[in-house]
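What follows is each chain in one-letter form.
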Amino acid sequence: MNKPSVARIIIVYFFKTIGILALLVGVGLLSYYLTMLYYKQTDREERATTYQHVIDISAGTESSNLIYSYNENDGKIDAMILELFDQDSKNLTLVTIPANTTVTLSPETYQEMAKVNANIPQSMKLFDVPSYFMGDVAYEYGVMALQDALPVDIGYFTAIPKTKFAMYYELGTKKDKCYSPTEAYISSMKKCTTKSDMDDMLKDLFDEQISDLTQSQKLGYSEALSKVNWDLIHIYVLKGKDDGTSFTINAKKSKKLISSIWESPAYTTAQYETTSDTDTGTSNDDQNIEILNGSAIDGLASKYQKLMQEDHLSVVNIGNYTGMKQQKTTIYARDVKWAKKKLRKYFPKPKAVKVETSADLEEGIDVEIILGVDADQ
């Protein structure tokens, strides 16, 4: 029997070695691919857990989701919708919140935000709030600011790039100014008639969005969403007044609207055509009030702001008076009769408070109160 030559043995071992190396490389590439696939699937979920939240995240049976549309280039907010979904009734409601909504932060919220950014103003438009903070938590500060002006619970946020947002929601006429789902979006959602279908849809949407919910939390809504009648979605605009440059929330009417949405039985009719109750002028019952502290007594403007907001008056700005120290309180108003009736009662000596007419108030301000030392008695 002929013995194999040395050359043959070397060749056999060479190819065996090449085969083993190829197998190891293949296993390595497969492991890398599977690892990357894992991170691709879990990256968004991990994203929601990589920072300290400043609001209490809630994914309960009543889903209250603040949806932002943001510009990917500069991060600016250009649209907001409060999405309210009741898993029990299967009611889905969209409440448009004008991006130019002006809010005045409560002293507590202002102090909390100022710890992060000392340059943040106490009165601002909602679309500016995220610009003062870094990272995804900026959207949660937007939720905080809105909840100061609108006393309702908001459980979480969803931020969508402007180009994608336009695929899901479209703005109605200038008269109603409501965002409603696009036909393409509704058509896609109608096809998801099972939990599995809706799981797949939500996973695809989740990859395009930023949220402080994890993906598993979002999928908790799949079964209920698959049973929604997408032809019966109701849409509204938040109650308030728009002067063309700034929207001021009517807290009392808006809270009543949202309460009625949660209390509503299952929707049986579409409601696209009767959505807006936005005022474009100045009504006698809803005046924009500015309070300036001329007394040099710390916290006096905040004190009166709180008192008036508790009565659902619209205090849109507070600050310090830049002139000389004032001994007596003066109220300047476009409607003197309204100011005397509504505002004098807040002061220790109502009749001592001067109420004067003024046509020189800044745009968007109907009443300016300059607090004097007498307001602290």
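First, a word on scope: everything that follows refers to the structure included in this document. Please read these numbers as outputs of a predicted model, since none were measured by experiment. (Residues numbered from 1 in each chain as written. Predicted model: local features only at pLDDT ≥ 70, side-chain atom pairs only at ≥ 80, totals over all residues. Heavy atoms only, no water.)

Secondary structure assignment for the protein yields eleven helices and 17 strands. The buried share of the protein, reckoned over its 377 residues, is 46%. When contacts within the protein are restricted to residue pairs at least 6 apart in sequence, those whose partners lie at least 24 apart make up 70%. Approximately 20,200 Å² of the protein is accessible, and the part contributed by carbon and sulfur atoms is 53%. (Helix = DSSP H or I, 4+ residues; strand = E, 2+ residues; numbered from the N terminus. Buried < 20%, exposed > 50% of the residue type's maximum accessible area, 1.4 Å probe, protein only. Contact = heavy atoms within 4.5 Å. Areas by Shrake-Rupley, 256 points an atom, 1.4 Å probe, with all protein chains shown as cover.)

Per the stated rule, a full pass over the model turns up 14 aromatic pairs. Ring geometry for Tyr-68 versus Tyr-139: centroids 5.0 Å apart, planes at 50°, classification tilted. Of this pair, Tyr-68 sits in strand 1 (residues 62-70) while Tyr-139 sits in helix 3 (residues 137-149); the two residues are 71 residues apart in sequence, bridging distant segments of the chain. When its relative accessible area of 8% is taken as the criterion, Tyr-139 is described as buried. Ring plane angle 50° and centroid distance 6.2 Å describe the contact between Tyr-70 and Tyr-139, whose orientation is recorded as tilted. Placement of the pair is Tyr-70 in strand 1 and Tyr-139 in helix 3, with a sequence separation of 69 residues. Like Tyr-70, the residue Tyr-139 is buried in the burial classification. Looking at Lys-76, its charged tip hangs above the ring of Phe-127, at a distance of 5.0 Å from the centre. (Phe/Tyr/Trp six-rings, centres within 6.5 Å; stacked < 30°, edge-to-face > 60°. Lys NZ or Arg CZ within 6 Å of the ring centre and 35° of its normal.)

Here strand 10 (residues 234-237) shows two buried faces, one formed by His-234 and Tyr-236 and the other by Ile-235 and Val-237. One ladder, built from four bridges, connects strand 3 (residues 91-96) with strand 10; its direction is parallel. Considered in strand 10, the bridge of Thr-93 is made with His-234. (Pairing = 2+ DSSP bridges.)

When charged atoms on two side chains of opposite charge get close, those side chains can pair. Applying the stated rule across the entire model yields eight salt bridges. Between Lys-164 and Glu-208 there is a salt bridge, with the nearest N and O atoms lying 3.7 Å from each other. Taken together, the residues span a long stretch of sequence, with Lys-164 in helix 4 (residues 162-168) and Glu-208 in the loop between helix 6 (195-206) and strand 9 (210-211) at a distance of 44 residues. Lys-164 sits in the partly exposed class, given a relative accessible area of 27%. Residue Glu-208 is classed as partly exposed on the basis of its relative accessible area, which comes to 27%. For the salt bridge of Arg-334 with Asp-366, the shortest nitrogen-to-oxygen distance reads 3.6 Å. Of the two residues, Arg-334 is situated in the loop between strand 15 (330-333) and helix 11 (336-343) and Asp-366 in the loop between strand 16 (354-357) and strand 17 (367-371); the sequence distance between them amounts to 32 residues. (Salt bridge = Lys/Arg side-chain N within 4 Å of Asp/Glu carboxyl O.)

Pairing is mixed in the open sheet, where six strands are placed in the order 9-6-1-2-3-10. The sheet terminates laterally at strand 9 and strand 10, the two strands that pair on one side only. Inspection of the sheet shows strand 1 paired to strand 2 (residues 77-86) by nine bridges, in the antiparallel sense. Opposite Ser-64, over in strand 2, you have Leu-84 as the bridge partner.

This next bit is on the sheet that holds strand 13 (residues 288-293). The strand order across the open sheet formed by five strands is 14-13-17-15-16, and the pairing between neighbours is mixed. Strand pairing shows two members of the sheet lacking a second neighbour, strand 14 (314-320) and strand 16, which therefore form its edges. Between one strand and the next, the sheet's axes are offset by a mean angle of 20°, whatever the strand orientation. Both strand 13 and strand 17 contribute to a ladder of five bridges, which runs parallel. For Leu-292, the partnering residue across the bridge sits in strand 17 and is Ile-370. Its contacts with the sheet put helix 11 on strand 13, strand 15, strand 16 and strand 17, and the angle it makes with strand 16 is roughly 155°. (Axes fitted to C-alpha atoms, helices over the stretch in contact; angles between N-to-C directions.)

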